[in-house]
Amino acid sequence: MIASGAWGVGPEPFDSAVAAMLWRAYYTEVSDRWYQLREGRVTDPAELEREIAAATGAELAPPHGVLLVARYGGEPAGTAGVRLLDDATAELSRMFLLANMRGKGGAALLGAAAEHQARLLGAERMVLDTRLDLVEARALYARLGYTESTPHNDEMYAQCWYSKRL
């Protein structure tokens, strides 16, 4: 557990009720943002349920991954997933704070905890991808020392790729 003030970050089973609640909040926000920007609507409820169920997060299970949960005052506030892509490279995913928890210093702590976990897994660098419209996330990654890099995957929604030496 890494702590600072009211914040604490620690591992959480990818299939726990807390992980499921935070995954739903994350996916709903990024999906709704995608559709609102392109089609002026929120995500169709059936599609939302299908996509949430399809992405279990099992890749974030030990021994090659970890899901971290940030808590503020003991209450779940956000997540970050780390998984090894190869012996020296970890991928950061599902980096998210609930909207009402943003601006309170949790993102930097969550990022530091994810990098710490990546090092424990043996990684020497961290990579991630995001979308162009997620400007707040892109600004956060720049503040955390990530630089734009060449694509490391061909994910459907990936538009920007970043890396950082650990």
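For the structure itself, look to the data block above.
Computed from a predicted structure; not experimentally measured. (Residues numbered from 1 in each chain as written. Predicted model: local features only at pLDDT ≥ 70, side-chain atom pairs only at ≥ 80, totals over all residues. Heavy atoms only, no water.)

1. Brief notes about the layout of surface pockets
Computed from the structure, the largest pocket encloses a volume of approximately 1,400 Å³. Around the largest pocket, the lining comprises 44 residues; the ones closest to its centre are Tyr26, Val30, Arg94, Asp129 and Leu134. Every element with two or more residues in the lining of the largest pocket is listed here: helix H1 (17-39), helix H2 (45-54), strand E5 (89-97), helix H3 (106-120), strand E6 (125-130) and helix H4 (135-143). For the lining of the largest pocket, the element with the highest residue contribution is H1, accounting for nine residues. Grouping the constituent residues of the lining of the largest pocket by class yields 22 nonpolar, seven polar and 15 charged. (1 Å grid on protein atoms, 1.4 Å probe; cavity = no way out; pocket = protein on both sides within 12 Å on 5 of 7 lines; lining within 4 Å. Points joined across faces, edges and corners; volume = space filled by probe spheres on them. Helix = DSSP H or I, 4+ residues; strand = E, 2+ residues; numbered from the N terminus. Nonpolar A, V, L, I, M, F, W, Y, C, P; charged D, E, K, R; others polar.)

2. Considering empty space enclosed by the protein
Per the counting criterion, the structure on display carries one cavity of 30 Å³ or more. Taken as a whole, the largest cavity encloses approximately 50 Å³ of empty space. As for the largest cavity, its lining consists of Phe14, Ala19, Leu22, Trp23, Tyr26, Leu67, Thr79 and Arg94. Looking at the lining of the largest cavity element by element, the count peaks at four residues for H1.

3. Comments concerning the sheet that holds strand E8 (residues 160-165)
Here we have eight strands laid out as an open sheet, ordered E1-E2-E3-E4-E5-E6-E8-E7, and mixed in their pairing. The sheet terminates laterally at strand E1 (2-4) and strand E7 (147-148), the two strands that pair on one side only. Contacts from H1 reach strand E2 (7-12), strand E3 (65-72), strand E4 (75-86) and E5 within the one sheet, and its direction differs from that of E5 by about 80°. The sheet contacts of H4 involve E5, E6, E7 and E8, and relative to E6 the element is tilted by about 165°. (Pairing = 2+ DSSP bridges. Contact = heavy atoms within 4.5 Å. Axes fitted to C-alpha atoms, helices over the stretch in contact; angles between N-to-C directions.)

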